Every structure is written in structure tokens, then in C-alpha cells.
Amino acid sequence: MPIYPYICQNCGATFEELVLSSQSQDKVTCPSCGSKKIEKLLSRVAGLSGTSKTETLPASAANCKPGGT
């Protein structure tokens, strides 16, 4: 089941939500303030030397190249 991370554009809270379809994503609201002004984040897992680190990025950064170019 897909669990997506979000950030609230109203209060800045980050949270995760189970979203079963694209239609139900419209119903996601911030649990802190109830705002519907949210942005889906992308999670990326990178590993070095057998360790892993989870980094959360705004969905708008998905097409960015390393180094900001």
C-alpha cells in the first residue's frame, strides 16, 4: 500500500498519508492545521558503505540535476 510523505504549505508540518488512488489524494489534509494546501514529497534512499540514509525532497525537485543545474 502506498504511503506518501507530504508537507503542508500552510503550517510547514510534514506527515505521511496512505493514498490508495489519485482520486483519494485530493482528500488529503494536514493533520496539524486541516489545510488542503499540501505538496507531495519524494523519498529517496541512498546507501554508502552498507548504511542507508533517507532524504525527503519536494516533488517539484524530481527533475533537478545534482549541483542545482
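The model shown is predicted, which means the values in this text are computed figures rather than measured ones.

A.B. asks: Explain the packing of aromatic side chains to me, please; I cannot follow it from the model alone.
C.D. replies: Two descriptors summarise a pair of aromatic rings, namely the distance from one centre to the other and the angle between the planes of the rings. Inspection of every chain in the model, using the stated rule, returns one aromatic pair. Taking the centre distance of 5.7 Å and the plane angle of 20 degrees together, the rings of tyrosine 6 and phenylalanine 15 count as stacked. Residue tyrosine 6 is classed as buried on the basis of its relative accessible area, which comes to 1%. One Lys or Arg, lysine 40, reaches over the ring of tyrosine 4 and ends 3.9 Å from the middle of that ring.

A.B. asks: Explanation requested: a nonpolar patch on the surface in the structure shown.
C.D. replies: A grouping of Ile3, Leu18 and Leu20 is seen on the molecular surface, where their side chains present a nonpolar patch of about 320 Å² in accessible area. Position of isoleucine 3 among the secondary structure elements: in strand β1 (residues 3-8).

A.B. asks: Got a minute to help me understand the state of the cysteines in this structure?
C.D. replies: When the sulfur atoms of two cysteines share a covalent bond, that bond is a disulfide. A full pass over the atoms with the stated rule returns zero disulfides. For cysteine 33, which is in no disulfide, the shortest distance to another cysteine sulfur is to cysteine 8 and amounts to 3.6 Å.

A.B. asks: Is there a simple way to explain the environment of cysteine 30 in this structure?
C.D. replies: When you line up the elements, cysteine 30 lands in the loop between α1 (22-25) and β3 (38-48). For cysteine 30, a relative accessible area of 3% corresponds to the buried category. Along the backbone, cysteine 30 and cysteine 8 are 22 residues apart, and their C-alpha atoms lie at a distance of 6.1 Å.

How each quantity is defined
- Residues numbered from 1 in each chain as written.
- Predicted model: local features only at pLDDT ≥ 70, side-chain atom pairs only at ≥ 80, totals over all residues.
- Heavy atoms only, no water.
- Phe/Tyr/Trp six-rings, centres within 6.5 Å; stacked < 30°, edge-to-face > 60°.
- Buried < 20%, exposed > 50% of the residue type's maximum accessible area, 1.4 Å probe, protein only.
- Lys NZ or Arg CZ within 6 Å of the ring centre and 35° of its normal.
- Patch = residues over 30% accessible without salt bridge, like charges linked within 9 Å, V, L, I, M, F, W, Y side chains within 5 Å.
- Areas by Shrake-Rupley, 256 points an atom, 1.4 Å probe, with all protein chains shown as cover.
- Salt bridge = Lys/Arg side-chain N within 4 Å of Asp/Glu carboxyl O.
- Helix = DSSP H or I, 4+ residues; strand = E, 2+ residues; numbered from the N terminus.
- Disulfide = S-S within 2.5 Å.

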